[in-house]
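Observations on chain architecture
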Amino acid sequence: ANTDNTTGPMDRTAKRDWTRAEVMRDPRFYILIPAMMAPAFILTGFFVHQGYLAQSKGWPIELVAAGFSVFAIVKLVASLLAGPFADRFGFRPLIALYMVPLAFSMVALGTVEATYGIFLYFTLAGISTGGAMAVGGLLWPELYGTKHLGAIRSLSVSLMVFATALAPVTFGWLIDAGLGANMIAHISLGYSVVAVALVIFFLWREKYQNQTAAGSGP
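These lines cover the structure that appears in this document, whether it is placed above or below. The residue numbering used here restarts from 1 in each chain and proceeds along that chain's sequence as written. The predicted nature of this model means local features are confined to residues of pLDDT at least 70 and side-chain atom pairs, given and counted, to a pLDDT of 80 or more, with totals for whole chains, interfaces and linings taken over all residues. Derived side-chain values reflect all non-hydrogen atoms in the structure, with water molecules and hydrogen atoms excluded from consideration.

1. Remarks on helix H8 (residues 149–176)
Along an α-helix, residues three or four apart share an orientation, since each turn contains 3.6 residues. Operational definition: Secondary structure counts use DSSP, requiring at least four H or I residues in a row for a helix and at least two E residues in a row for a strand, with both numbered from the N terminus. One fewer than the residue count of a helix, multiplied by 1.5 Å, yields its expected span. Two axes define the bend at a residue: one fitted to the seven residues ending there, one fitted to the seven starting there, and the bend is the angle between them. Relative accessibility decides the category of a residue: with a 1.4 Å probe and only protein chains considered, values under 20% of the type maximum give buried, values over 50% give exposed, and everything between is partly exposed.
Taking 1.5 Å per residue as the helical rise, H8 with its 28 residues ought to reach 40 Å, and the 41 Å between its terminal C-alpha atoms agrees with that figure. The sharpest bend along H8 reaches about 30° and sits at Leu166, with the proline Pro168 one to four residues further on. If you check which residues of H8 are buried, you get Leu149, Ile152, Leu155, Ser156, Ala163, Ala167, Phe171, Gly172, Leu174 and Ile175. At the C-terminal side of H8, Gly178 shows a positive phi close to 95°.

What follows is the structure, encoded as structure tokens:
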């Protein structure tokens, strides 16, 4: 049962439990999955090709390697802060926000040539990845219930693993095509913008459907 804020966070678990087959027929899953896959796909691509990133940007490889430590620390802090926020307010406010730092990390990567851009890029990427971890824990139970949660999560995790495996190949193809790090960052920014737009559409669609249901009630 739902509780007020004085007794703890609300129970936002879906009112019915969806099967994995039903989830695969639900448009919401395909609207949200690009945003869920974006950090894994984009950041894996750049991380695997960090040597090319450093060479293309003219950044010392030692500083790029140090950036991974910044990324790990920021990711840890962001996930610890985002977790309680998601518990209190649900995944919806957070999913509307966590893609924004990823988009700005691509802006930094694509436009900043000075070495401080390394740490700006890794810091923003860490914030986004930490937020994604909190969203991933609540998204599927809130949308689809808990009875078949393992099967649903295995589907989403499989897609993310696929994105992680696809990223090095895709980025390698772009590199072989002669694209520099700045251009690849702009392409990744385009993907991030599309993912954000889909999230906004999902939130608008839910709000519209809730208003319609309320208006048609007794």
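On we go.
2. Concerning the pattern of salt bridges
The criterion, for reference: Any Lys or Arg side-chain nitrogen found within 4 Å of a carboxyl oxygen on Asp or Glu counts as a salt bridge.
Counted according to the given criterion, the structure contains five salt bridges. Of the charged contacts in the structure, one is a salt bridge between Arg28 and Asp26, with a shortest N-O distance of 2.8 Å. For the residue pair Arg28 and Asp26, the accessibility class agrees, reading buried in each case. When the shortest N-O distance is used, the salt bridge between Glu113 and Lys57 registers 3.3 Å. Placement of the pair is Glu113 in the loop between helix H6 (99–111) and helix H7 (116–144) and Lys57 in helix H3 (residues 50–57), with a sequence separation of 56 residues. Several salt bridges share partner residues, and in doing so they unite Arg92, Glu142 and Glu206 into one network.

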